[in-house]
Each structure stands twice: as C-alpha cells, then as structure tokens.
Amino acid sequence: MTYGIVIVSHVPEIAVGVKRLLDQVAADVSITIAGGTDDNGVGTSFNKIQAAFDNNEADELLAFYDLGSAKMNLNMVMEFSDKTVHLYDTALVESAYTAASLVAADVKLTDIEKQLDELKIK
C-alpha cells in the first residue's frame, strides 16, 4: 500500500509553496495540490481537488486543507473517489510536512496519525 499527500488551499501560491516544501523531505512521495478556484481566484475548486486525487499515484491519500470551505469541497470529492482518503483537521503546513516525511520513511499510518493528533486545530 502506498500513501500520497493532497494539499488543498484557497490560494494557488500557498498550495504550490507547501508542495515545494514537502518535496524537500519526501521526494519519492506522490504529492498533488489543488489551489484556488477554477480561474485561480481565492477559494477552492471541486474540479481541482478531483484532479489532485486522480493525478496522485498513491492507493491511499492523506488530505490536508487550510480553511473550512476547502473541507466541504474535499468531502464532496471524497464521495466520488474510488481511493481511500484520510482527511485531517490539522495545521496545514506542519501536519502535511510531518505526514510527508513519515510516509517517506515508511512509518505506519497509525503512528503517523498519532503525531498528527497533536497538530489538530480545527
């Protein structure tokens, strides 16, 4: 089983920046992003999130987001996805970084989630 990371942010540049950071510690982990609306405005996009799920090479996804409406769109996309998706209500940058580095080190999901619990803020 392989795990991938999905980042959803209201701002395209934030999503790109978080991915850039994660790529430094988890170059071999599939990390996909969905940033902004369909026209790259501030907000989220069902279509971009769906593409992030579809384009992620992993069998199972760990999803991180910045604000509440991103969670709403993530939940809608999850209903249509064939992939198993774990959605975390945690600090976006810190938890995505933690998860990516632990996935890269082949740490078990239960152990990853124990560390993510400490970062829960939402």
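Refer to the structure printed above.
Residues numbered from 1 in each chain as written. Predicted model: local features only at pLDDT ≥ 70, side-chain atom pairs only at ≥ 80, totals over all residues. Heavy atoms only, no water.

Moving on: the pairing of strand β1 (residues 3-9). For β1, a buried count of six out of seven residues is recorded, marking the element as mostly surrounded by other parts of the structure. Across six bridges, the pairing between β1 and strand β3 (residues 60-65) is parallel. Paired with Val-8 across the strands is Tyr-65, a residue of β3. In the sheet, β1 pairs with strand β2 (residues 31-35) via five bridges, with the strands oriented parallel. When the bridges of β2 are listed, Val-8 appears paired with Ala-34. Crossover connection from β1 via helix α1 (residues 12-25) to parallel β2: handedness right-handed. (Buried < 20%, exposed > 50% of the residue type's maximum accessible area, 1.4 Å probe, protein only. Helix = DSSP H or I, 4+ residues; strand = E, 2+ residues; numbered from the N terminus. Pairing = 2+ DSSP bridges. Right-handed = clockwise from strand over helix to strand, strands pointing away.)

Applying the stated criterion to the full structure yields three salt bridges. When the shortest N-O distance is used, the salt bridge between Lys-114 and Asp-111 registers 3.8 Å. With Lys-114 and Asp-111 both in helix α5 (residues 109-117) and three residues apart, the pair spans about one turn of that helix. Under the relative-accessibility criterion, Asp-111 is labelled partly exposed at 30%. (Salt bridge = Lys/Arg side-chain N within 4 Å of Asp/Glu carboxyl O.)

To continue, consider the pairing of strand β4 (residues 84-88). Where β3 lies against β4, five bridges are found, and the strand directions are parallel. Bridging from a neighbouring strand, Leu-61 pairs with Val-85 of β4. With helix α3 (residues 68-80) bridging β3 and the parallel β4, this β-α-β connection has right-handed handedness.

Our focus in this paragraph is the sheet that holds β2. Think of a sheet as strands paired side by side through backbone hydrogen bonds, with each pair either parallel or antiparallel. Spatial ordering of the open sheet is given by β2-β1-β3-β4, a layout of four strands whose pairing is parallel. Strands at the two margins of the open sheet, each flanked by one partner only, are β2 and β4. When strand polarity is set aside, the average angle formed by the axes of neighbouring strands in this sheet is 20 degrees. Its contacts with the sheet place helix α2 (residues 46-55) against β1, β2, β3 and β4, and it is angled at close to 175 degrees to β2. (Axes fitted to C-alpha atoms, helices over the stretch in contact; angles between N-to-C directions. Contact = heavy atoms within 4.5 Å.)

This part takes up the packing of α1 against helix α4 (residues 92-104). Axis separation between α1 and α4 bottoms out at 9 Å; the angle between their running directions is 30 degrees. In this structure, the crossing between α1 and α4 has a hand that is right-handed. Residues Ile-14, Val-18, Leu-21, Leu-22 and Val-25 of α1 lie in contact with α4, whose contacting residues are Leu-92, Val-93, Ala-96, Tyr-97, Ala-100, Ser-101 and Ala-104. A per-class count over the contact of α1 with α4 returns 11 nonpolar, one polar and no charged. (Left-handed = near helix turned anticlockwise from the far one by under 90°. Nonpolar A, V, L, I, M, F, W, Y, C, P; charged D, E, K, R; others polar.)

Relative to the helices and strands, Asp-54 resides in helix α2. Taking the C-alpha atoms as reference points, Asp-54 and Asp-82, 28 residues apart in sequence, are found 9.3 Å from one another.

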